[in-house]
Amino acid sequence: MTDEVITASSAQKLIFPKSNWKIEWQNAITDIRELWRLLQLPMQELITYDIPHQFKLKIPHSYIQRMQVGNLADPLLRQVLIAPEELLQVSGYIQDPLHEKEVTLEKGLLKKYAKRLLVITSGACPVHCRYCFR
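Residues numbered from 1 in each chain as written. Predicted model: local features only at pLDDT ≥ 70, side-chain atom pairs only at ≥ 80, totals over all residues. Heavy atoms only, no water.

(A) Representation of a nonpolar patch on the surface within the structure. A contiguous nonpolar patch, built from Leu88, Val90 and Tyr93 and spanning about 360 Å² of accessible area, is present on the exposed surface. Looking at the secondary structure, you find leucine 88 in the loop between α6 (75-80) and α7 (100-103). (Patch = residues over 30% accessible without salt bridge, like charges linked within 9 Å, V, L, I, M, F, W, Y side chains within 5 Å. Areas by Shrake-Rupley, 256 points an atom, 1.4 Å probe, with all protein chains shown as cover. Salt bridge = Lys/Arg side-chain N within 4 Å of Asp/Glu carboxyl O. Helix = DSSP H or I, 4+ residues; strand = E, 2+ residues; numbered from the N terminus.)

(B) Local environment of the nonpolar core. Counting residues in hydrophobic clusters, the biggest one holds 19 residues, and the most contacted among them are Leu35, Trp36, Ile59, Met67 and Leu77. Breaking this core down by element, the ones donating at least two residues are α3 (32-39), α4 (43-49), α5 (61-64) and α6. At four residues, α3 tops the list of elements feeding residues into this core. (Core = buried A, V, L, I, M, F, W, Y, C linked by side-chain atoms within 4.5 Å. Buried < 20%, exposed > 50% of the residue type's maximum accessible area, 1.4 Å probe, protein only.)

(C) The arrangement of the pairing of strand β2 (residues 109-113) in detail. When strand β1 (residues 104-106) meets β2, the two strands line up antiparallel, connected through two bridges. Across the sheet, the residue bridging to glutamate 106 is leucine 109, located in β2. Hairpin connection of β1 to β2: two residues between the antiparallel strands, including glycine 108 at a positive phi of 85°. Inspection of the sheet shows β2 paired to strand β3 (residues 116-119) by three bridges, in the antiparallel sense. Counted as the bridge partner of tyrosine 113 is arginine 116 from β3. (Pairing = 2+ DSSP bridges.)

See below:
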């Protein structure tokens with residue numbers, strides 16, 4: 001056993017040894033049919049999830065490779081796949097549940113807590129997650 005300390009940068013090199021994020025981003029999957037094909041999901045289920053919607057699908061191949069082939073209930077897949085339930089109107093739902101409009105000082109700068117600022121440096125993310133509010 002070694003006493004080597006693993007830092008964030010050395011851990012990233014172990015996980016993504018030759019990853020180039022720009023290439024990953026350019027080649028990310030944006031078509032649900034392609035995602036279905038790669039994961040060998042049941043075609044009869046595609047119609048349930050192929051919903052024209054304002055939520056975009058963008059998933060890097062390195063993320064897809066961590067998903068379980070053939071498993072529509074895979075947790076990583078569920079993070080990025082729109083569900084039909086998301087389109088249902090729910091009583092009490094509001095567009096800004098975190099009340100960020102009230103705490104936005106200017107675009108990209110939020111002050112929700114006395115000694116904390118949230119700086120949003122980019123509107124882009126390598127994965128479009130279903131739970132994210134950005």
